[in-house]
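Here are the chains, one letter per residue:
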Amino acid sequence: AHVSFIQRPGSVQTTLMVGTQAISRTDADYDAFQVMNKVLGGGPTGRLFTHLREEKGYTYGARAGFDLRRGRGPFSAAAAVNTEVTIPSIREMLLELDRMREAPVTDAELAAARDYLVGGGLGIVVLLGAAAAAFPSPAILVPLAMAVVRGRPEGVAEEITAVSVTLTESWSSR
């Protein structure tokens, strides 16, 4: 593990970022990781946001996410917190990451993540396709849109819907 502190006198906020090498875009568990990420740090319903903002009042927001690539890409969790709660925020962020590994995803968390990914997440692909069709130079944008969907089998919505607590738990034991 590597920890870096960069002190900036007079700052009112500390930017926290915890990261590790994660999966590639073509990993067999890609969909399970997307569900896990939505539960952990995918917006105002995510565990990080709820815990650090709503329960502790340390930040205006916290997030987590993957930067998926052909090879393994990074995973990071981040928040900007008030400087006086830097150490407690680090502790709480690490606790939430541990909890993601140790505590089962609830049925409600799983349903919310699945519904978001099936209903909203796939809309991005549709929007990219529409943008590509309307863009003055489709030769540039079409390959970009195709890169988003390349390697995804037909019926991706059904696959995401089928993700179970068991699959999410199998990721968390890695």
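Small disclaimer: the values here were computed from a predicted structure and weren't measured. (Residues numbered from 1 in each chain as written. Predicted model: local features only at pLDDT ≥ 70, side-chain atom pairs only at ≥ 80, totals over all residues. Heavy atoms only, no water.)

A. Summary view of the nonpolar core. Counting 27 residues, the largest nonpolar core has Leu-40, Leu-48, Leu-52, Phe-75 and Met-93 as its most contacted members. Put simply, the parts of the chain that give this core at least two residues each are helix H1 (30–41), helix H2 (47–55), strand E2 (59–66), strand E3 (74–82), helix H3 (86–102) and helix H4 (107–134). Residue contributions to this core peak at 6 residues, all from H1. In contact with Leu-52, not counting residues within four places along its chain, are Gly-57, Tyr-58, Thr-59, Ala-62, Ala-79, Ser-89, Glu-92 and Met-93. (Core = buried A, V, L, I, M, F, W, Y, C linked by side-chain atoms within 4.5 Å. Buried < 20%, exposed > 50% of the residue type's maximum accessible area, 1.4 Å probe, protein only. Helix = DSSP H or I, 4+ residues; strand = E, 2+ residues; numbered from the N terminus. Contact = heavy atoms within 4.5 Å.)

B. Highlighting the sheet that holds E2. An order of E1-E3-E2 is seen for the 3 strands of this open sheet, with the pairing classed as antiparallel. Two strands close off the open sheet at either side, each with one partner strand: strand E1 (13–21) and E2. Geometrically, the sheet is characterised by an average inter-axis angle of 10 degrees between neighbouring strands, direction not taken into account. One ladder, built from 9 bridges, connects E1 with E3; its direction is antiparallel. Looking at E3, one finds that Thr-14 is bridged to Val-81. The sheet strands contacting H2 are E2 and E3, and the helix crosses E2 at an angle near 160 degrees. (Pairing = 2+ DSSP bridges. Axes fitted to C-alpha atoms, helices over the stretch in contact; angles between N-to-C directions.)

C. Here's a closer look at the environment of Ala-22. In this fold, Ala-22 is placed in the loop between E1 and H1. Classification of Ala-22 by relative accessible area gives buried; the value is 11%. In the structure, Ala-22 is positioned 44 residues away from Phe-66 in sequence and 7.5 Å away in space, judged by C-alpha atoms. Not counting residues up to four positions away in its chain, the partners in contact with Ala-22 are Phe-66, Arg-72, Gly-73, Pro-74 and Phe-75.

D. Seen up close, H3. Given a rise of 1.5 Å per residue, 17 residues ought to cover 24 Å, and the 24 Å separating the end C-alpha atoms of H3 matches this to within 8%. Listing the buried residues of H3 in full gives Thr-86, Ser-89, Glu-92, Met-93, Glu-96, Leu-97 and Met-100. An end-on view of H3 places all buried positions within 140 degrees of arc, on one side of the element. (Expected span 1.5 Å × (residues − 1). Arc of directions from axis to C-beta.)

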